[in-house]
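Single-letter residue listing:
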Amino acid sequence: MIDSKWIVQAVNAIKSGFVQKLEKDGVTVYACGRIIRIDIKNDVEIKE
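Residues numbered from 1 in each chain as written. Predicted model: local features only at pLDDT ≥ 70, side-chain atom pairs only at ≥ 80, totals over all residues. Heavy atoms only, no water.

Undergrad: Tell me about the pairing of strand β2 (residues 21-24), residues and numbers included.
TA: Across four bridges, β2 lies against strand β3 (residues 27-32) in antiparallel orientation. Looking across to β3, one finds that Lys 21 is bridged to Tyr 30. Between β2 and β3, which follow one another and run antiparallel, lie two residues, and Asp 25 among them has a positive phi close to 45°. (Pairing = 2+ DSSP bridges. Helix = DSSP H or I, 4+ residues; strand = E, 2+ residues; numbered from the N terminus.)

Undergrad: Talk me through the environment of Val 8; I want residue IDs and the actual numbers.
TA: Position of Val 8 relative to the elements: it lies in helix α1 (residues 4-16). As a C-alpha pair, Val 8 and Val 29 span 21 residues in sequence and 9.8 Å in three-dimensional space.

Undergrad: So what's going on with the pairing of β3? Which residues, and what values?
TA: Two elements, β3 and strand β4 (residues 35-40), share six bridges in a ladder whose sense is antiparallel. Counted as the bridge partner of Cys 32 is Ile 35 from β4. The antiparallel hairpin formed by β3 and β4 contains two residues in its connecting segment, where Gly 33 sits at a positive phi of about 70°.

Undergrad: Could you give an account of unusual backbone geometry, naming the residues involved and the relevant values?
TA: Of all residues except glycine, most have a negative phi; of all peptide bonds, most are trans. In the Ramachandran plot, Asp 25 falls in the positive-phi region, its phi being about 45° despite a non-glycine side chain. Mapped onto the secondary structure, Asp 25 falls in the loop between β2 and β3.

Undergrad: Lay out the sheet that holds β4 with the relevant residues and their values.
TA: With antiparallel pairing, three strands are arranged side by side in an open sheet as β2-β3-β4. Two strands lie at the open edges of the sheet, namely β2 and β4, each paired on one side alone. Adjacent strand axes in the sheet meet at a mean angle of 15°, parallel and antiparallel pairs treated alike. The strands touched by α1 within the sheet are β2, β3 and β4, with β3 carrying the most contacts at an inclination of about 20°. (Axes fitted to C-alpha atoms, helices over the stretch in contact; angles between N-to-C directions. Contact = heavy atoms within 4.5 Å.)

Undergrad: Any details on the pattern of salt bridges? Residues and values, ideally.
TA: Should the charged atoms of two oppositely charged side chains come close, the side chains can pair. This model, assessed by the stated rule, comprises two salt bridges. Residues Lys 21 and Glu 23 are paired through a salt bridge, measuring 3.7 Å at the closest nitrogen-oxygen approach. With a closest N to O distance of 3.8 Å, Arg 37 and Asp 39 form a salt bridge. (Salt bridge = Lys/Arg side-chain N within 4 Å of Asp/Glu carboxyl O.)

See the structure below:
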């Protein structure tokens, strides 16, 4: 299970240019040019 706090932190890290891609428990956050993408596998539960 992943929490929404991790997703927000990952987006901020990508936005800052610190990293290009982060993955955790079936969720991938990455830069695609000037767009930040979030891919979530179908079986991932997200805790708020």
